Amino acid sequence: MKEEAPPVRHSQLGDLFLNELRELYGAEKHQLVVLPMLKKAASSLKLQNVLASHLDDTREHIHRLDQIFSKMRRAAEALPPEAIFGITREAEQVIASTQPGTATRDAGLIIAAQKLDHYEISAYGSLATHARAMDYDHIEDLLELTLYEEKENDQLLTALAENYINTEASRE
């Protein structure tokens with residue numbers, strides 16, 4: 001039998017939770033545009049692969065958020081993710097201000113991708129904490145799973161930067 005969370009209780013925390021969930025949903029959807037842009041600008045095949053994998057994860061994260069909205073008996077509505085728009089503008093600036101095919105550009109793209117990850121790590125972590133406080137155990141589980149994947153992706157980007165890209169960029 002499918003267990004559902006009760007609808008969001010009308011409380012200040014419940015309202016905040018729903019609003020933040022909608023903004024996170026908007027952020028994930030926007031990444032369907034941002035991540036391909038970063039991948040296209042990357043020259044390192046390793047970085048391209050990490051970004052492609054992150055794009056696949058993003059599609060799964062959107063699916064999980066759809067499940068959360070369904071469990072809460074709410075429409076999956078995306079709010080404009082202003083912070084992600086800012087990070088996107090920064091990524092576009094990195095692309096515009098670096099030479100194509102360079103490790104320096106790839107280093108800048110890793111920074112942009114990690115900024116996206118850090119936004120999501122913060123958002124998913126906070127929402128999981130709120131879900132726990134409201135006894136939304138099944139929602140918390142979905143948020144925690146995505147949080148784990150975001151941290152894992154951040155670690156992959158860090159390892160790629162430290163073990164390869166940054167060294168190459170320092171020689172340019």
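Residues numbered from 1 in each chain as written. Predicted model: local features only at pLDDT ≥ 70, side-chain atom pairs only at ≥ 80, totals over all residues. Heavy atoms only, no water.

Caption draft 1: Expanded view of the overall build of the protein chain. When its secondary structure is counted, the protein chain shows five helices and zero strands. Reading the protein chain from its N terminus to its C terminus gives the helix and strand order α-α-α-α-α. Compactness check: the protein chain gives a C-alpha radius of gyration of 17 Å against a globular reference of 16 Å for 172 residues, within 12% of the reference. Dimensions of the protein chain, computed from the C-alpha atoms along their principal axes, are close to 55 × 25 × 25 Å. Taking contacts inside the protein chain between residues at least 6 apart in sequence as the whole, the part at least 24 apart equals 82%. Summed over all atoms, the accessible surface of the protein chain reaches about 8800 Å², with 52% contributed by carbon and sulfur. (Helix = DSSP H or I, 4+ residues; strand = E, 2+ residues; numbered from the N terminus. Rg over C-alpha atoms; globule rule 2.2 N^0.38 Å. Contact = heavy atoms within 4.5 Å. Areas by Shrake-Rupley, 256 points an atom, 1.4 Å probe, with all protein chains shown as cover.)

Caption draft 2: How the structure looks around the side chain of Thr 88. Counting through the fold element by element, Thr 88 comes out in helix α3 (residues 82-97). With residues up to four places along the chain from it excluded, the contact list for Thr 88 reads His 30, Val 34 and Met 37.

Caption draft 3: Representation of the packing of α3 against helix α4 (residues 103-133) in the model. Interaxial distance between α3 and α4 falls to 9 Å at its minimum, and their mutual angle equals 175°. Taken together, the axes of α3 and α4 are roughly antiparallel relative to one another. Here Ala 83, Ile 84, Ile 87, Glu 90, Ala 91, Val 94 and Ile 95 of α3 lie close against α4, whose contacting residues are Arg 105, Gly 108, Leu 109, Ala 112, Lys 115, Leu 116 and Tyr 119. Of the residues that constitute the contact of α3 with α4, the class distribution is ten nonpolar, one polar and three charged. (Axes fitted to C-alpha atoms, helices over the stretch in contact; angles between N-to-C directions. Parallel < 35°, antiparallel > 145°, perpendicular 65-115°, else oblique. Nonpolar A, V, L, I, M, F, W, Y, C, P; charged D, E, K, R; others polar.)

Caption draft 4: Highlighting the packing of aromatic side chains. The final tally for this structure, using the stated rule, is two aromatic pairs. Plain terms: the ring middles of Phe 17 and Tyr 136 are 6.3 Å apart, the flat faces sit at 70° to each other, and that makes the pair edge-to-face. Of this pair, Phe 17 sits in helix α1 (residues 12-41) while Tyr 136 is found in the loop between α4 and α5 (137-170), placing the two residues 119 residues apart along the sequence. For the pair Phe 17 and Tyr 136, one class covers both residues: buried. (Phe/Tyr/Trp six-rings, centres within 6.5 Å; stacked < 30°, edge-to-face > 60°. Buried < 20%, exposed > 50% of the residue type's maximum accessible area, 1.4 Å probe, protein only.)

Caption draft 5: The arrangement of α5 in detail. With 34 residues, α5 extends 47 Å between its outermost C-alpha atoms, agreeing within 8% with the 50 Å of an ideal straight helix rising 1.5 Å per residue. Ala 161 marks where α5 bends most, by close to 50°. (Expected span 1.5 Å × (residues − 1). Bend = angle between axes of the 7 residues up to and from the residue.)

Caption draft 6: Region of the structure containing the pattern of salt bridges. For the coordinates displayed, the defined rule picks out eight salt bridges. For the salt bridge of Arg 64 with Glu 60, the shortest nitrogen-to-oxygen distance reads 3.7 Å. With Arg 64 and Glu 60 both in helix α2 (residues 45-71), this residue pair falls four residues apart, about one helical turn. Of the residues examined, Arg 64 reaches a relative accessible area of 7% and is grouped as buried. The residue Glu 144 makes a salt bridge to Arg 132 at a minimum N-O spacing of 3.2 Å. Pair noted here: Glu 144 is in helix α5 and Arg 132 is in helix α4, with a separation of twelve residues, a long-range link. Glu 144 gets classed as partly exposed once you look at its relative accessible area, which sits at 30%. A relative accessible area of 40% places Arg 132 in the partly exposed class. (Salt bridge = Lys/Arg side-chain N within 4 Å of Asp/Glu carboxyl O.)

Caption draft 7: Here's a closer look at the side chain of Glu 150. With respect to the helices, strands and loops of the structure, Glu 150 is situated in helix α5. Buried and without a salt bridge, Glu 150 has Arg 64 as its closest oppositely charged side chain, separated by 7.7 Å. Residues in contact with Glu 150, not counting those within four places in the same chain, are Glu 28, His 54, His 61, Asp 117, Glu 120, Ile 121 and Tyr 124. (Lys, Arg positive; Asp, Glu negative; His and termini not counted.)

Caption draft 8: Representation of α2 in the model. Relative to the 39 Å expected for 27 residues at 1.5 Å per residue, α2 spans 39 Å between its end C-alpha atoms, a close match to the ideal helical length. Where α2 begins, one side-chain oxygen reaches toward the backbone nitrogen of Lys 46, 3.2 Å away; that side chain belongs to Ser 44. Just beyond α2, the residue with positive phi is Arg 73, at close to 60°. (Polar contact = N/O pair within 3.5 Å; in protein donor to acceptor, adjacent residues only side chain to side chain.)

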